[in-house]
Structure formats: C-alpha cells, structure tokens
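Chain residues, written in single-letter form:
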Amino acid sequence: MSTKQKHILVTGGAGFIGSHTVVELIEAGYTPVIIDDFRNSERFIPERLEKLTNQKIIAVDAACQDVEVLDSLFSKYNFEGVIHFAADKAVGESVSDPLKYYDNNLSSLISILRMMDKYNTKSLVFSSSCTVYGNPKSTTGKSVVTEDSIHLNPDSPYGNTKLIGEQILQDWIASSSRSNVALLRYFNPIGAHASGEIGELPQGIPNNLLPYITQTAVGIREKLTVFGNDYDTEDGTCIRDYIHVCDLADAHVSAIKWLDLQTNPGIEIFNIGTGKGTSVLEMVQAFEKVIGKPLSWEYGPKRSGDIPEIYANPIKAKEMLQWESKFSIFQAIEDAWRWENNRPKND
Ligand code: UDP
C-alpha cells in the first residue's frame, strides 16, 4: 500500500447518523472502523454500506463500555480520530428510565476518553444536540441560538446526558489531555441517503415528525397528529431547524479534517443546522407537494416539553470548519420518501 490508511473509530456507526457518516468518511478517503452493539440499529447495515461504497466495512459487534474490545481496536488501528455517536436517544424513554440513559451515555463516553488518553489519540468528534439549549426564547428572548449561549437548560434526562457529556469533555480537555474535541450540536436530522440503501429505522411508533409523516403516507400509521396549533409562531405550530442527514454526516468529515490541523489541545462547540426554521405545518405542506398527494393529519394536544421555536445560527461552523448545509427540506423529504418505500419493514 502506498499511502497510509487513516482509520477513524465510529462508535454507533450502524445508526442513522453514524451510517451516513461512514459513507462520507469513505468518500473523503478515511477508513472507518465501526463499533456498534446493534441495540438500536440493524445488523444488515454494514452489508448495505459495503454495497453502497464498494468497500469492505470493518464493523465490530460490541458496546463502547467493552474495554477489552476497545483496547484491541485502539492498539490495532492507531486511530487518527474518534467520532462518538453511540448513545441512547429516545427522549420519552429517558424520562421513564433515566438511569439507563445516565449509565449508558456517560459510561460509554468515559471509556472512549480513557482509551484516547492511553493511546494518545488526537481527535474526537462528539455528538451533542440542540436540546442542550432548552427553550431559548424563555431565557434570551430569541429563537436563534449561538454556541456561546450560557442558558443551557435541557428538559429531559437524555438532554442532560448530552450537557453532562459536554461538561466531561471540557474538564477532560482542561486536564492533561492532549486531544482536540469538536463538539457538534445537531439540530433535527431528516432524510436518507439518495441511493435508497440506508436511512432512518425507527423502532415501533416513530417519535420524530418526518418518519411519522412518511409512515402515515404509506399506510403504516393512520393519521399524523400535529401536536398543538396555538404556539406563539406564525401558523401556531412549532418550528425546528431540519437538516439533511447527509449534510450532517458531511459536517463530521469537516470536523475531522479541521481537528487534524489543530496543533494545541482544545475544545470547540459548533451548531450543525441550516439556520432556517420550518414549522410543522410547513413540513406537512412540503411533504404533500413532494409526493403530490394530501396527507391524512389532524391537530391534537400539545406534546409535553415541546419547545415552541428553535433554530441554529450556523455561522461558526461555516467560518471555522468551512462547512454549510447544501440540501433543502424538499430534497430531504424526497430522499426520506424513497427510503420509506424501499426500506425493510419490521413494524
Ligand atoms: N411533531 C408532531 N407530530 C408528531 C411528531 C412530531 O406534531 O407525530 C412535532 C413536534 O411537536 C415538534 C416537531 O414536530 O414540534 C418536531 O418533533 P421531533 O420529535 O421530530 O423533534 P424534536 O421535538 O425533538 O425537535
């Protein structure tokens, strides 16, 4: 082999965002190594990734707390960097079973950091979430958020695990760690890979808006309930910053490249969103336009804990990572729709 392979450990690499990031890493010339215990993902994903990228995919079936497995992977591949996705992410479940979330999400992060210290691994990209901002309008009077906000107030145990994860990383970097961290606060990922090979695979009834819409349109669900119509927004429904999962995946590659250029240990936070808010009604209308058919939906009561309006100011990522989103919600809906019609159905 003439050039040295750049191995990147991707924890949770068979999941929704992880699998799309594996594709982007390969396209950028990296060699991803997946560690995933498939608790929330499907075992056929590595095969799909092989078909899609025409490359052998290294995928290890293990939890991130499995120190022996981690140790053998770190010693074998001498990773340039780690992208840490592996975490439980269902907000509702985190309310009913908080210890599961604190245990899994924090202990996996800590095992990864211990291993990075042991092997002097240079770069870490951490999956955080805009959920750490809580309801920005109630604290800052604005719905657009910047990374320097001091009003961090997640409203679920899941969100708390992301904020505590961020704090662990700040403390780790302030200690003798010699690594560099890019902490990415994701907004709302939607869509699927344009190939139709990979996409979101919600287990049971989807919590998120677009999977619920696509499942309604194919007849798995009877009707979408739009949660609330008297919020203080233009059309009375909640506003989010929906970002195509391939744009989000691409942000990880930009972060890995940026980390590689850093010479001193440090940590930077980046919002990864489009900078544009879309209401639930606008999403429904956009979907109907893309598929050319009306969707069955009705208004229902507000969902407890919903933030009326939040969207990213993504300028820092543009300036420092040279990254910005490229796809519209229409492209994301088209890709999600293609995926819904082709994806393996387990429900
Ligand atoms: N939503 C809805 N019906 C659904 C699922 C979601 O009206 O069946 C709304 C939800 O109230 C929120 C928006 O869609 O305003 C996005 O919800 P999602 O759960 O996808 O993201 P999050 O609220 O976590 O940002």
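Above this text is the structure in question.
Scoring rules and cut-offs
Position numbers for residues count from 1 along each chain, tracking the sequence in the order it is written. Whole-chain, interface and lining totals are the exception, using all residues; otherwise, since this is a predicted model, local features are given only for residues with pLDDT of at least 70 and side-chain atom pairs are given and counted only at 80 or more. Excluded from the side-chain calculation are hydrogens and water; included are all heavy atoms of the structure. In this description a helix means any DSSP run of H or I spanning at least four residues, a strand means any run of E spanning at least two, and both kinds are numbered starting from the N terminus. Multiply 1.5 Å by the residue count of a helix minus one, and that product is the helix's expected span. Each residue gets one of three labels from its accessible area relative to the maximum for its type: buried under 20%, exposed over 50%, partly exposed in between, using a 1.4 Å probe on protein chains only. We define the nonpolar core as a collection of buried residues of types Ala, Val, Leu, Ile, Met, Phe, Trp, Tyr and Cys that are connected through side-chain atoms lying within 4.5 Å of one another. Whether two residues are in contact is decided by their heavy atoms, any of which lying within 4.5 Å being enough. Each Phe, Tyr or Trp ring (for Trp, its six-membered ring) is paired with any other whose centre lies within 6.5 Å, and the angle between the two planes then decides the class: stacked below 30 degrees, edge-to-face above 60, tilted in between. By definition here, charges over rings are those cases where NZ of Lys or CZ of Arg is within 6 Å of the ring centre and within 35 degrees of the ring normal. Pairing between strands is defined by DSSP: at least two bridges between them are needed. A fitted line through C-alpha atoms represents every axis, and for helices the fit uses only the stretch in contact; the resulting angles, taken between N-to-C directions, go from 0 to 180 degrees. Being near a molecule or strand, for a residue, comes down to having at least one heavy atom within 4 Å of it. Polar contacts here mean pairs of N or O atoms no more than 3.5 Å apart (in protein, one a potential hydrogen donor and the other a potential acceptor; neighbouring residues in sequence count only if both atoms are side-chain atoms). Accessible areas in this description were obtained via Shrake-Rupley with a 1.4 Å probe; residue shielding takes into account the shown protein chains only. Under the convention adopted here, Pro, Cys and the residues Ala, Val, Leu, Ile, Met, Phe, Trp and Tyr are nonpolar, Asp, Glu, Lys and Arg are charged, and Gly plus all remaining residues are polar. Each crossing gets its hand from how the near helix is turned against the far one by less than a right angle, where anticlockwise is left-handed and clockwise is right-handed.

(A) Focus on helix α1 (residues 16-27). Here α1 is 12 residues long and its end C-alpha atoms lie 18 Å apart, about the 16 Å a rise of 1.5 Å per residue gives. Buried residues dominate α1, accounting for 11 of its 12 residues. Among the residues of α1, those classed as buried are Phe16, Ile17, Gly18, Ser19, His20, Thr21, Val22, Val23, Glu24, Leu25 and Ile26. Count one or two residues on from α1 and you reach Gly29, which has phi positive near 95 degrees.

(B) Up close: the nonpolar core. Of all hydrophobic cores here, the largest spans 40 residues; its most connected members are Leu49, Leu184, Phe270 and Ile272. Listing elements by their share of this core, those giving two or more residues are β1 (7-11), α1, α2 (45-53), β7 (180-186), α9 (245-261), β12 (266-272) and α11 (315-321). No other element matches the 9 residues that α9 contributes to this core. For Leu184, the residues in contact, after removing those within four places along its chain, are Val125, Phe126, Ser127, Ser128, Ser129, Ala251, His252, Ala255, Phe270 and Ile272. Residues Leu73, Met115, Leu124 and Trp172 belong to the second largest nonpolar core, which totals 26 residues.

(C) Geometry of the packing of aromatic side chains. One pass over the full model with this rule turns up 7 aromatic pairs. Taken together through their ring pairs, the aromatic side chains of Phe74, Tyr77, Phe79 and Tyr119 make up a single cluster. A cation over a ring is seen here: Lys302 above Tyr231, with NZ or CZ 4.5 Å from the ring centre. The ring of Phe270 is capped by Lys316, whose NZ or CZ atom sits 5.2 Å from the centre of that ring.

(D) Summary view of the sheet that holds β12. With parallel pairing, the 7 strands of this open sheet are ordered in space as β3-β2-β1-β4-β5-β7-β12. A strand with exactly one partner marks an edge of an open sheet, and here the two such strands are β3 (58-61) and β12. Between one strand axis and the next, the sheet turns through 20 degrees on average, direction left out of account. One ladder, built from 4 bridges, connects β1 with strand β4 (residues 81-84); its direction is parallel. If you follow Leu9 over to β4, its bridge partner there is Val82.

(E) Here's a closer look at the site of the ligand. Taken together, 15 residues surround the ligand, and among them Asn188, Thr225, Phe227, Arg240 and Asp306 come closest. Between the ligand and Thr225, the relevant distance is 2.7 Å, taken from a nitrogen atom to a main-chain nitrogen or oxygen of the residue. Within the side chain of Arg303, an N or O atom sits 2.9 Å from an oxygen atom of the ligand. About the coverage of the ligand: the protein hides 88% of its 510 Å² of free accessible area. Mapped by element, the contributors of at least two residues to the shell around the ligand are α8 (209-217) and β9 (224-227). The leading source of residues in the shell around the ligand is β9, at 4 residues. When grouped by side-chain class, the residues that make up the shell around the ligand number 8 nonpolar, 4 polar and 3 charged.

(F) Seen up close, the packing of helix α10 (residues 280-291) against helix α12 (residues 329-342). Look at α10 against α12: their axes get within 10 Å of each other, and the N-to-C directions meet at 60 degrees. Considering the relative orientation of α10 and α12, their crossing is right-handed. The residues of α12 that touch α10, namely those facing Met283, Ala286, Phe287, Lys289, Val290 and Ile291, are Ile329, Phe330, Ile333, Glu334 and Trp337. Here the residues of the contact of α10 with α12 sort into 9 nonpolar, no polar and 2 charged.

Nothing here speaks to function; it is all geometry.
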